[in-house]
Amino acid sequence: MKVVILAGKFGMGHYQAARAVLEQLEKEYGDVQVEVVDWMEYIFPQLSGMIYKTYAAIVNHCQWYYNHRYSRLENAEIDQRPEVALAGRWGVSRLLKEKKPDILIATLALCAKTVSSYKEKHRCQVPLITCVTDITGHSEWINRHTDAYMVGSEKVKYEFIRKGVPREKIFVTGIPVRLEFHEKLRTKNGYGNGCKKRRKLLLMGGGLGLLPHDLSFYEALDRMPGVETTLITGSNQALRRRLEGRFPHIQVLGYVQNISDHLRDSDLVVTKPGGITVFEAVSVATPVAALNPRLKQEVYNAVYLEENRLGEVIWGDAEECLDRLEALLSDSRKLAYYKMQMRRLQHRLDYHGISEVIDYVIREEMNRYAAKHRKLRGAVGFNI
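The text that follows walks through the structure, step by step, so that each part is easy to find. Everything numeric here is computed off the predicted structure, so don't read it as measured data.

## As for the overall build of the protein
Then, number 1: Within the protein, the secondary structure is distributed over 15 helices and twelve strands.
Then, number 2: Sorting the 384 residues of the protein into buried and exposed places 54% on the buried side.
Then, number 3: Restricting the contact set of the protein to residue pairs at least 6 apart, pairs at least 24 apart contribute 66%.
Then, number 4: As displayed, the protein has an accessible area near 18,700 Å², and 51% of this comes from carbon and sulfur atoms.

## Quick word on the pattern of salt bridges
Then, number 1: Going through the model one piece at a time under the given rule, you end up with 17 salt bridges.
Then, number 2: Residue Glu-180 pairs with Arg-178 through a salt bridge whose shortest N-O separation is 3.3 Å.
Then, number 3: Overall, the relative accessible area of 22% leaves Glu-180 in the partly exposed class.
Then, number 4: On the basis of relative accessibility, which here comes to 11%, the residue Arg-178 falls in the buried class.
Then, number 5: What emerges from the salt-bridge pattern is a single network uniting Arg-69, Lys-113 and Glu-140.

## Digging into the sheet that holds strand S11 (residues 288–291)
Then, number 1: What the six strands build is an open sheet, ordered S9-S8-S7-S10-S11-S12; its pairing is parallel. Pairing within the sheet leaves two strands with one partner each, and these edge strands are strand S9 (250–253) and strand S12 (311–314). Neighbouring strand axes in the sheet, compared pairwise and without regard to direction, differ in orientation by 20° on average.
Then, number 2: When strand S8 (residues 227–232) meets S9, the two strands line up parallel, connected through four bridges. Opposite Ile-232, over in S9, you have Leu-253 as the bridge partner.
Then, number 3: Here helix H8 (residues 215–223) sits on the sheet and contacts strand S7 (199–204), S8 and S9; the angle it forms with S7, its principal contact strand, is near 165°.

## Some words on the packing of aromatic side chains
Then, number 1: In total, this model carries twelve aromatic pairs according to the counting rule given.
Then, number 2: Taking the centre distance of 6.0 Å and the plane angle of 80° together, the rings of Trp-64 and Tyr-65 count as edge-to-face.
Then, number 3: Pairwise contacts between aromatic rings join Phe-10, Tyr-52, Tyr-55, Tyr-66, Tyr-70 and Tyr-300 into one cluster.
Then, number 4: Lys-9 extends its terminal NZ or CZ atom over the ring of Tyr-15, reaching a point 4.9 Å from the ring centre.
Then, number 5: Between Arg-94 and the ring centre of Tyr-42, over which it is positioned, the NZ or CZ distance is 4.1 Å.

## With respect to the pairing of strand S10 (residues 268–271)
Along a regular strand, successive side chains alternate from one face of the sheet to the other.
Then, number 1: In S10, alternate side chains face the same way, and those of Leu-268 and Val-270 on one face and Val-269 and Thr-271 on the other are all buried.
Then, number 2: Taken together, the four bridges between S7 and S10 define a ladder with parallel strand orientation. What sits directly across from Leu-203, in S10, is Val-270.
Then, number 3: Note that S10 and S11 share three bridges and pair parallel. In the strand pairing of S11, Val-270 is matched with Ala-289.

## What to know about the nonpolar core
Then, number 1: Membership of the largest hydrophobic core comes to 41 residues, with the highest contact counts inside it found for Val-151, Phe-160, Leu-263 and Phe-279.
Then, number 2: The element best represented in this core is helix H11 (residues 275–284), accounting for six residues.
Then, number 3: Leu-6, Phe-10, Val-59 and Tyr-118 belong to the second-largest nonpolar core, a separate cluster that totals 29 residues.

## Focus on the sheet that holds strand S3 (residues 103–106)
Then, number 1: Pairing in this open sheet of six strands is parallel, and the strands run S2-S1-S3-S4-S5-S6 from one edge to the other. What marks the edges here is a single partner per strand, and that holds for strand S2 (33–38) and strand S6 (170–172). With strand direction ignored, the average angle separating the axes of adjacent strands in the sheet is 20°.
Then, number 2: Contacts from helix H1 (residues 13–28) reach strand S1 (2–7), S2 and S3 within the one sheet, and its direction differs from that of S2 by about 175°.
Then, number 3: Sitting on the sheet, helix H6 (residues 109–122) is in contact with S1, S3 and strand S4 (128–131), with an inclination near 160° to S4.

## Here's the deal with H8
Then, number 1: Taken as a whole, H8 has its buried residues at Leu-215, Phe-217, Tyr-218, Leu-221 and Asp-222. Here the buried residues of H8 occupy an arc of 155° about the axis, which is enough to place them on one side.
Then, number 2: Summarising the contacts, the buried residues of H8 are in contact with S7, S8, helix H9 (237–243), S9 and helix H13 (318–329).

The rules behind these values
- Residues numbered from 1 in each chain as written.
- Predicted model: local features only at pLDDT ≥ 70, side-chain atom pairs only at ≥ 80, totals over all residues.
- Heavy atoms only, no water.
- Helix = DSSP H or I, 4+ residues; strand = E, 2+ residues; numbered from the N terminus.
- Buried < 20%, exposed > 50% of the residue type's maximum accessible area, 1.4 Å probe, protein only.
- Contact = heavy atoms within 4.5 Å.
- Areas by Shrake-Rupley, 256 points an atom, 1.4 Å probe, with all protein chains shown as cover.
- Salt bridge = Lys/Arg side-chain N within 4 Å of Asp/Glu carboxyl O.
- Pairing = 2+ DSSP bridges.
- Axes fitted to C-alpha atoms, helices over the stretch in contact; angles between N-to-C directions.
- Phe/Tyr/Trp six-rings, centres within 6.5 Å; stacked < 30°, edge-to-face > 60°.
- Lys NZ or Arg CZ within 6 Å of the ring centre and 35° of its normal.
- Core = buried A, V, L, I, M, F, W, Y, C linked by side-chain atoms within 4.5 Å.
- Arc of directions from axis to C-beta.

So, in structure tokens, the structure goes:
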């Protein structure tokens, strides 16, 4: 079986989800061949870098425009014509000829729209699975020729049903995370044994490095009693250079490969609530403080966080945020409660996974083939 996963680097959540699906497929199926394709790089090899930089600039400096577009399309007609439709359909045609996949999986809404459009125009029968990477029922994810959906919550499932997606096509899997996050949890020193220790705070800004810029924020964080902070700046190299080695209680890092270790060893993670980040934290049972979510999908992820009692959303200026963080870090009982809720969510999600979705689309494909064969035999069988 050959599976191609279509992703993009608009932030790193879509791409990390694709890597997670790849790892889970290789674990579940011994004979599977899986490849992740960066869609922008595949159809626009000379322009993909500029496209990603433009997206980062919009997210950093024009959030009002991003949110306006998001809201305008949120409940729009499903199966919309994708942007760059002609180039996209040509890219799908080339990909099918080059890669010869048995199944396509999309972790980016644009990819799902493009493949669905191609399937309709060319009557293509290659199954398409859409993996939704935020806790949202946004219409951009919904397409008539998607064979199955992987969604993060029951709430998203019922939003999809309300918009016309057949119930049997929707699987509540959570948002996939890499296998390293599913390793057995290590006991964190200082919980339940009376051992006094410094609290460990992890501050992350996602792949785009969306973090506070005000130096006074980090000065106050460094003075917070009993707290050691690890700051992961991602692509924000200017902030890394500005803060690196400046504060004795803040370790500053850029891109890191072992996010799971940093999350697992922390008492609290402060971050923009991307969908993949929330579920990575859930997988290692580290409570989340969502810091001033601004993008619409981040707000939905933050609502999910609060509704499931996995952490807190912190609004306000630097001083208010720091006060809330200090209060939360000093409340062992509340942190322990959030950890317990995360473990309960882990158990609920353990019942569903990528193999269940793959088995469903293979079964449906076999049923379609059998129905087509019966129809053909019924039409001509007795005249041969």
